Amino acid sequence: MPLSAEMRLFFDKVAKKNFCLACDVYHAPTNGQEITLSLRAKVQEALRLSH
């Protein structure tokens, strides 16, 4: 999936701190995963790490 410049920057920041988390957050929507509480927590953690 092609990323916008902003999304690329977001995933680069997250991956530098937690590569596995960045992968989980990136692949969830592309694989059609259901949004669970666990996935939501991962997204929130990724947002926290990106700042």
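Below, the structure is looked at part by part. As the structure is a prediction and not an experimental result, all values here were calculated from the model.

Description of the packing of helix α2 (residues 19–30) against helix α3 (residues 37–49)
- Running from N to C, α2 and α3 cross one another at 125°; their axes reach a closest spacing of 10 Å. For the element pair α2 / α3, the angle class is oblique. Between α2 and α3 lies a crossing of left-handed hand. Between α2, through Leu21, Asp24, Val25 and Ala28, and α3, the contact on the second element is made entirely by Leu39, Lys42, Val43, Glu45, Ala46 and Leu49.
- For the contact of α2 with α3, a count of residues per class yields seven nonpolar, no polar and three charged.

The rules behind the values
- Residues numbered from 1 in each chain as written.
- Predicted model: local features only at pLDDT ≥ 70, side-chain atom pairs only at ≥ 80, totals over all residues.
- Heavy atoms only, no water.
- Axes fitted to C-alpha atoms, helices over the stretch in contact; angles between N-to-C directions.
- Helix = DSSP H or I, 4+ residues; strand = E, 2+ residues; numbered from the N terminus.
- Parallel < 35°, antiparallel > 145°, perpendicular 65-115°, else oblique.
- Left-handed = near helix turned anticlockwise from the far one by under 90°.
- Contact = heavy atoms within 4.5 Å.
- Nonpolar A, V, L, I, M, F, W, Y, C, P; charged D, E, K, R; others polar.

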